[in-house]
Amino acid sequence: MRLDKFLANSGIGTRKEVKEILKKGKISVNSIFIKDGRIHINEKKDIIKYEDKVVGYKPFVYIMMNKPAGVVSATEDNHHKTVIDLLNDKYRTYDIFPVGRLDIDTEGLLLLTNDGVLSHNLLSPKKHVSKKYYVKIAKPLSENDVKILENGIKLEENFITKKAKVEIISEDLCENDDNQVYITISEGKFHQVKRMFKAVNNEVLYLKRVKMGNLSLDENLKLGEYRELTGKDLDELKF
């Protein structure tokens, strides 16, 4: 691997910043100061130091975010703040992107990474990765509504949803008089959850993703907050 790429992927700085750091003689490889970022190094064997501190190589980053409403699931947008804008400068040298998307007014669990393989596995229709949502709806669901939602429902473009799971939250646990349910689906069509409830003559008033696969949203994360995934978290996402 090229030294400049190694340094950028280790969070030292952008490619441009790394070039300047190298010029100033602040990088050493196996105790030899190097100014040419084009040289190739062995990231597993060579000892790279920046200002006499060993640089640890971290090719991938995995972040769990509690996405707030009003923020778009994109890397850039001309009109709205993006989830990337919420990250601090620590991550600006990585080409991080959201895994899938949540609608602008939807809150909850969103994964961000620069690992294309993991993202593909989580989003591939062949993998059937489940997504669980907490939903506030306008009125109670009938038994027939639940049956329709769970057994597949035809949406506008002749698309029939796969089987889902609906859990009606006990009235004892509900806040105020809102009707609250969980719904788990294995697809991610545009506005799918909202369209599914609309198809049974109901309306989604609030939507929050709480789980993806076996990974649940960290309840300690406030809206807009995020943290890197732990080893245990990553194990939950493995296939």
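Residues numbered from 1 in each chain as written. Predicted model: local features only at pLDDT ≥ 70, side-chain atom pairs only at ≥ 80, totals over all residues. Heavy atoms only, no water.

Brief notes about empty space enclosed by the protein
Following the criterion strictly, the structure yields one cavity of 30 Å³ or more and no others. Taken as a whole, the largest cavity holds about 40 Å³ of empty space. Surrounding the largest cavity, Tyr 62, Ile 63, Val 99, Leu 111, Leu 112, Thr 113, Leu 118, Leu 122, Leu 229 and Leu 237 form its lining. Put simply, the parts of the chain that give the lining of the largest cavity at least two residues each are strand 5 (62–67), strand 7 (107–113) and helix 3 (116–123). By residue number, the principal contributor to the lining of the largest cavity is strand 7, which donates three residues. Along the lines of polarity and charge, the residues of the lining of the largest cavity split into nine nonpolar, one polar and no charged. (1 Å grid on protein atoms, 1.4 Å probe; cavity = no way out; pocket = protein on both sides within 12 Å on 5 of 7 lines; lining within 4 Å. Points joined across faces, edges and corners; volume = space filled by probe spheres on them. Helix = DSSP H or I, 4+ residues; strand = E, 2+ residues; numbered from the N terminus. Nonpolar A, V, L, I, M, F, W, Y, C, P; charged D, E, K, R; others polar.)

Observations regarding the side chain of Ser 10
With respect to the element layout, Ser 10 can be found in the loop between helix 1 (3–9) and helix 2 (15–23). With a relative accessible area of 16%, Ser 10 lands in the buried category. A distance of 3.4 Å separates a polar side-chain atom of Ser 10 from the backbone oxygen of Gly 56. Not counting chain neighbours up to four residues away, the residues in contact with Ser 10 comprise Val 55, Gly 56, Tyr 57, Lys 58 and Tyr 94. (Buried < 20%, exposed > 50% of the residue type's maximum accessible area, 1.4 Å probe, protein only. Polar contact = N/O pair within 3.5 Å; in protein donor to acceptor, adjacent residues only side chain to side chain. Contact = heavy atoms within 4.5 Å.)

All we've got here are geometric facts, nothing functional implied.
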